[in-house]
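# Structural overview
Now for the letters of each chain:
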Amino acid sequence: MAMETVSVAKLKSNLSQYLNRVRKGKEITVTSHRHSIARIVPMKEKVSDLQIIPARKPVSSLKKIKGISLNFDPLVDLLADRLRR
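The following paragraphs examine the structure supplied in this document. (Residues numbered from 1 in each chain as written. Predicted model: local features only at pLDDT ≥ 70, side-chain atom pairs only at ≥ 80, totals over all residues. Heavy atoms only, no water.)

### Overview of the overall build of the protein
A count of helices and strands for the protein gives 3 helices and 3 strands. Walking the protein from its N terminus toward its C terminus, one meets helices and strands in the order β-α-α-β-β-α. Relative to a compact globule of 85 residues, whose C-alpha radius of gyration would be 12 Å, the protein shows 21 Å and is clearly more extended. When the 85 residues of the protein are sorted by exposure, 12% land in the buried category. (Helix = DSSP H or I, 4+ residues; strand = E, 2+ residues; numbered from the N terminus. Rg over C-alpha atoms; globule rule 2.2 N^0.38 Å. Buried < 20%, exposed > 50% of the residue type's maximum accessible area, 1.4 Å probe, protein only.)

### What to know about the packing of aromatic side chains
Tallied over the full model, the rule gives 0 aromatic pairs. Over the ring of Tyr18 we find Arg21; its NZ or CZ atom is 4.9 Å from the centre of that ring. (Phe/Tyr/Trp six-rings, centres within 6.5 Å; stacked < 30°, edge-to-face > 60°. Lys NZ or Arg CZ within 6 Å of the ring centre and 35° of its normal.)

### Looking at the sheet that holds strand β3 (residues 35-40)
As summarised here, the arrangement of the 3 strands in space is β1-β2-β3, forming an open sheet in which the pairing is mixed. Where the open sheet ends on each side, the last strands, each with one partner, are β1 (4-7) and β3. In this sheet, adjacent strand axes meet at a mean angle of 35 degrees when their direction is disregarded. (Pairing = 2+ DSSP bridges. Axes fitted to C-alpha atoms, helices over the stretch in contact; angles between N-to-C directions.)

### Comments concerning the pairing of β1
A one-sided burial pattern is seen for β1, the buried positions being Glu4 and Val6 and the unburied ones Thr5 and Ser7. Taken together, the 4 bridges between β1 and strand β2 (residues 28-32) define a ladder with parallel strand orientation. Bridge assignment links Glu4 to a residue of β2, and that residue is Ile28.

### Structural notes on the environment of Asp73
Along the polypeptide, Asp73 turns up in the loop between β3 and α3 (74-84). Judged by its relative accessible area of 42%, Asp73 falls in the partly exposed class. Considering only alpha carbons, one finds Asp73 and Lys57, 16 residues apart in sequence, at a separation of 33 Å. A polar atom in the side chain of Asp73 sits 3.2 Å from the backbone nitrogen of Leu75. (Polar contact = N/O pair within 3.5 Å; in protein donor to acceptor, adjacent residues only side chain to side chain.)

### Topic: the pattern of salt bridges
According to the stated counting rule, one finds 2 salt bridges in the structure shown. A salt bridge links Glu4 to Arg21; the shortest N-O distance between them is 2.5 Å. Residue Glu4 is found in strand β1, and its partner Arg21 is found in helix α2 (residues 15-23); the two are separated by 17 residues along the sequence. Look at Glu4 and you get buried, because its relative accessible area is 19%. Taking relative accessible area as the criterion, Arg21 reaches 31% and is therefore assigned partly exposed. (Salt bridge = Lys/Arg side-chain N within 4 Å of Asp/Glu carboxyl O.)

Here's what the structure looks like:
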């Protein structure tokens, strides 16, 4: 079976068509700037074989996570990086 190759942009604009091809058994290699970055393959097991694992902690426990403090301004670094490109 020949593997089909598609760019990220083309995949995004025609996602349903490519997913239908995968559903029919085709494998699709996804490329970005002509480099392979992913492969979409048909699932081997049925969806009913997959298990949903319940969360160990309630979602409310996420509110307890504190942010981090930075010693620099990430926006300044981002803008400087964009100017270099």
